[in-house]
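# Remarks on the overall topology
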Amino acid sequence: MFFRLIHLTLLLVSSLVCLGISPCQAETLLDWHELPDLPNPLGVAGPFAGVDNDALIVAGGANFPQPIWESEKQWVDTIHVLVKNADGYQWKEGGKLPRPVAYGASVSTSRGVLCLGGCDADEVFTEAYFLTWNGESVMTAPCASLPEPVAYAQAAMLGNKVYLVAGQSDTGLSSAGKKVWTLDLSQPGDLKDAKWTELPNLPGPTRAFHQVAVQHDGFRDAIYVIGGRREEAGETQFLRDVWQFLPETNTWRQRSDAPQVIMAGEAIGIGQSHIFVLGGADERNWGKADELKDDHPGFPKDILAYHTITDTWTRAGEMPENQVTTTAVRWGDSVIVPSGEVRPRVRSPHIWQVSIHEADQSFGILNYIVLFGYLLAMVGVGVYFTQKNKNTDDYFRGGKQIPWWAAGCSIFATMLSSLTFTGLPSKAFAQDWVYAVGNFTIPVVAILAVYVALPFYRRIDATSAYEYLERRFGSLTRKFASTSFVSFHLFRMAIVMSLTALALAVATPLTPVQSVLLMGLLSIAYCTLGGIEAVIWTDTIQTFVLLGGALLAFFLLIQGVDGGFAGFWDSAQAADKLNMVNAHWDVTNAQAALWVIVIGAIAQNISSYTADQAVVQRYVTTETEQLAARSIWMSALLTIPATLLFFGLGTALFAYYQSNPGKLDPHITTDQIFPLFIAREIPAGLAGLIVAGVFAAAQSTVSTSMNSSATTIVVDFLRPMQCCSTERGYLIAARACTLLVGLAGTLLGLLFVDPEIRSLFDAFIVVLGIFMGILGGLFLLGAFTRRTNQFGAMCGACVGAVVMFALWKYSRMHGYFFPAAGLGVCFVTGYLASWLTGRPAIDLAGLTVYDVPLASTKQAETSS
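So, here's what we can say about the structure. All figures in this text were calculated on a predicted structure; none of them were measured in a lab.

Another aspect to go through is the sheet that holds strand β15 (residues 197-199). One open sheet accounts for 4 strands, arranged β12-β13-β14-β15; its pairing is antiparallel. Each edge of the open sheet is held by one strand with a lone partner, namely β12 (154-158) and β15. Adjacent strand axes in the sheet meet at a mean angle of 25°, parallel and antiparallel pairs treated alike. In the sheet, strand β13 (residues 161-168) pairs with strand β14 (residues 176-184) via 7 bridges, with the strands oriented antiparallel.

Here is the structure:
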């Protein structure tokens, strides 16, 4: 009956998919809204601009009085402030600058709007100061003067540091330079006497009138310098080259040139990986201002978008007005383009508010039928197994009648989950294959699981992994481990649901909150009803859906790459996307070193395969130890092709969007790149099936966490306290605990929805390391030492917990090393502390690797 249900479900899904049609594509646009004009009707070019105390400050600048072709340029010292109030926006007078000035650099900081350099008709300045708005007027606070005069430069804020790039040292373009300075604003007190630090020069030609922006490149935030112009031997040279500066290493690298000359435009990072260049002048009509005068067509209105990960440019429409020589300012969720020059001698008083608008997207009735048909089928599995659970042994261990291959699929699905489906492809898309090495250590750790952990748990006939810790150390250690495990899985459920929901928000009209509720409530339904058998069989189905959906998407991606598979391979090679080794010793580097990945992955997998109840629980669901060993080997070996598939999927996404940069959506996060492809490029029906695969992967993790957490609560807390008088009572308690854990995890998931998280995979690894590394350390202390006692074990666990909190809160250690840190601190501290109190007084027979044979014990299997 059960297999017939599976067969009919797959036939229904296949039939619906065959009816697929091309999906509706949603366009992402820049919305332009005009705010109240600058009070100066002439407008200004080259003003200082920024935001302080939620008010827009526009100060200084230069313009030409009417009639513009018969007058001289005038320099302005007026400060205007645009504030929000109940009636909308209103301009207020902000006072005066220390002098009339224009064409300086400015940047919004926590100390105020920092104004750097600038010039007037005769002189270039070194002055630097902050402008702050107190609600009534603008105050000026001193800052360290620049090392030399600078105008027509650009500044950017990254972290606590301001970076000033290139510019002119006098009023002539021939004085343009390539120097770069930085100032740390985190220094305490007044910055008047602070010192600017000179950084390595920009490698390209000297320049002014360039564009500078900050954006993430998949590994870390970086500074980008784009285009500009220079003069040499009396000739003006126009630039379109692009350079990236990496502050963590103080190094430069060249990126793809812009498709056209860009100078005096406004560049700003939008979303997680895009830089928009809003307008800018080019070489057309250069030097013809006096000839064309009012017939000058104005500067180009082109908007260009650069994607930092794929290193590609695309055109992104036009501006409503071609303003140059101003500063794009981030104000809340919007970008402000204040005033500026629209053609020679002509300024505009217009203030534009720019935001990203995502057009409405329909998921399609066919996709909904496939998605909800699949999800309801999973609930049907839970209903089917409801009547088979007569006691807690059935509910928690499936009566030890689970086929080994199904248990193997369940371990595989538990270990990988939706973080694999969306997190690993996004990781490979944004970075490379370094993280794949971690998954390749799983078969190695499986040796420890099969020949050490498995015999222990089968020998004591454990339902909870932490029964072993009580026999080895004592009840306090068991309760600590169980509490840590339940806490970890509550956070794990929340992270998996919330981050998966964020990723899916681009693929379906469901909001993240709706997706969390859908995943949580459906998982609660079939998990509470069907117990471990429902979880394992749904995991098995979901394994095939997950792998099948990923394989289908891979082939569709390759079809869309210029040159097919050969183009995919060439693109990956050229961008070094297949790199698997970072050879350095820095544990804080965003590009994780090979040793960090290997040691961190081994520690993570030791913890999961030896001390994670969600995995260990599968060890006791098969009939014999030999069959359980097969399930471990199957899950471990499945990770190899799965890793190749999911990292290959991420590389294919990179090649696809490098071939089709116009299809990238600046509104999405990097973790949404695969769902974006599903939503925009995959035919209806198929898209629904792959989205179902993402839901399936998340539900696999969530349902496992629910059941395993309920198991530890009942077995490690309720049974020892004899809370129920009958086995029936414990079965009811098990279902109640599953329900409560599921509700708690779902509520936490709603709280954890955070679109600012750059990588769901990194976030999960950190949480895993904080909790599970310590549990792995406790297991190793028990299995591989004779001296460790309960005092030592608890010292190791407590010190490990404190150290992990400190590393998370105060260090820059790479998250992938967290499991190794937790495991190592727990093990070393626990062992050393045990020397102070002597050997444990208990009989260690059968509890360490030194006191029992590692072979399978047939006697234990027979008696169980």
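What follows covers unusual backbone geometry. At the junction of Q66 and P67, the peptide bond is cis and its omega measures out at -10° in the coordinates. With respect to the helices and strands, the residue P67 is situated in the loop between β4 (62-63) and β5 (74-75). Positive phi, close to 55°, is recorded for F209, a residue that is not glycine. Inspection of the secondary structure puts F209 in the loop between β15 and β16 (211-216). Residue classification places F209 among the buried residues on the basis of a relative accessible area of 12%.

A few words now on the sheet that holds strand β3 (residues 55-59). Taken in spatial order, the 4 strands line up as β2-β3-β6-β7 in an open sheet, and their pairing is antiparallel. Either end of the sheet is taken by a strand with one partner, and the two such strands are β2 (48-52) and β7 (88-96). Between one strand axis and the next, the sheet turns through 20° on average, direction left out of account. Strand direction decides the pairing type here: β2 and β3, joined by 5 bridges, are antiparallel. By the bridge assignment for β3, F48 is matched with A59.

On to a nonpolar patch on the surface. Together, V513, L517, L521, L739, L740 and L743 give the surface a local cluster of nonpolar side chains, amounting to about 490 Å² of exposed area. Put simply, the parts of the chain that give the nonpolar patch at least two residues each are α10 (512-560) and α17 (727-751). Relative to the helices and strands, L743 is located in helix α17.

Here helix α16 (residues 686-718) crosses α17 at 130°, and the two axes come no closer than 8 Å. Viewed along their axes, α16 and α17 adopt a mutual orientation that is oblique. When the axes of α16 and α17 are compared, the crossing they make is right-handed. Note on element contacts: α17 touches α16 through Y730, A733, A734, C737, T738, V741 and G742, opposite S705, M706, S709, A710, I713, V714 and L718.

Our next topic: the side chain of T622. Among the structural elements, T622 can be located in the loop between α13 (613-619) and α14 (625-659). There is a polar contact of 3.0 Å between the side chain of T622 and the backbone oxygen of T624. Not counting the four nearest positions on each side in its chain, T622 is found in contact with K400, I402, W404, A407, R458, L627 and A628.

Moving on: the environment of A62. Residue position: A62 is located in strand β4. As a C-alpha pair, A62 and D120 span 58 residues in sequence and 8.5 Å in three-dimensional space. In contact with A62, not counting residues within four places along its chain, are V44, A45, K73, Q74, W75, A102, Y103 and R347.

Take helix α12 (residues 594-611) next. Counting along an α-helix, one turn takes 3.6 residues, and residues three or four places apart therefore face a common direction. Counted at 1.5 Å a residue, the expected span for α12 with its 18 residues is 26 Å, and the 25 Å between its end C-alpha atoms agrees. Among the 18 residues that make up α12, 13 are buried, leaving the element largely enclosed by the rest of the structure.

Per the stated rule, a full pass over the model turns up 22 salt bridges. As a salt-bridge pair, R478 and E470 come within 2.4 Å of each other at their nearest N and O atoms. With relative accessibility at 8%, the residue R478 sits in the buried group. Relative accessible area serves as the criterion here: at 31%, E470 is assigned to the partly exposed category. Put simply, R478 and D716 hold a salt bridge, and the shortest N to O gap is 2.6 Å. With R478 in helix α9 (residues 475-504) and D716 in helix α16, the pair connects residues that are 238 residues apart, well separated along the chain. Comparing R478 with D716, the two get one shared label, buried. Overlapping salt bridges bring together D217, R220, E248 and R253 as one network.

This brings us to the pairing of strand β19 (residues 251-255). Where strand β18 (residues 235-246) lies against β19, 5 bridges are found, and the strand directions are antiparallel. Paired with Q244 across the bridge in β19 is R253.

On to the side chain of T326, then. Here T326 shows up in the loop between β23 (312-318) and β24 (329-331). Overall, the relative accessible area of 5% leaves T326 in the buried class. Here P338 takes part through its backbone oxygen, which lies 2.5 Å from a polar atom of the side chain of T326. Not counting residues within four places of it along the chain, the set of residues in contact with T326 comprises P47, G265, E266, V337, P338, S339 and G340.

With that settled, consider the pairing of β3. Note on strand geometry: in a regular strand, side chains alternate between the two faces of the sheet. Among the 5 residues that make up β3, 5 are buried, leaving the element largely enclosed by the rest of the structure. Burial along β3 is two-sided: A55, I57 and A59 facing one way and L56 and V58 facing the other are all buried. The antiparallel pairing of β2 with β3 creates a hairpin that spans 2 residues between the two strands, and N53 there sits at a positive phi of about 55°. Pairing of β3 with strand β6 (residues 78-85), which is carried by 4 bridges, proceeds in the antiparallel orientation. Following the sheet pairing, I57 is matched in β6 by V81.

Rules used throughout
- Residues numbered from 1 in each chain as written.
- Predicted model: local features only at pLDDT ≥ 70, side-chain atom pairs only at ≥ 80, totals over all residues.
- Heavy atoms only, no water.
- Pairing = 2+ DSSP bridges.
- Helix = DSSP H or I, 4+ residues; strand = E, 2+ residues; numbered from the N terminus.
- Axes fitted to C-alpha atoms, helices over the stretch in contact; angles between N-to-C directions.
- Buried < 20%, exposed > 50% of the residue type's maximum accessible area, 1.4 Å probe, protein only.
- Patch = residues over 30% accessible without salt bridge, like charges linked within 9 Å, V, L, I, M, F, W, Y side chains within 5 Å.
- Areas by Shrake-Rupley, 256 points an atom, 1.4 Å probe, with all protein chains shown as cover.
- Salt bridge = Lys/Arg side-chain N within 4 Å of Asp/Glu carboxyl O.
- Parallel < 35°, antiparallel > 145°, perpendicular 65-115°, else oblique.
- Left-handed = near helix turned anticlockwise from the far one by under 90°.
- Contact = heavy atoms within 4.5 Å.
- Polar contact = N/O pair within 3.5 Å; in protein donor to acceptor, adjacent residues only side chain to side chain.
- Expected span 1.5 Å × (residues − 1).

Function cannot be inferred from these measures alone, as they are strictly geometric.
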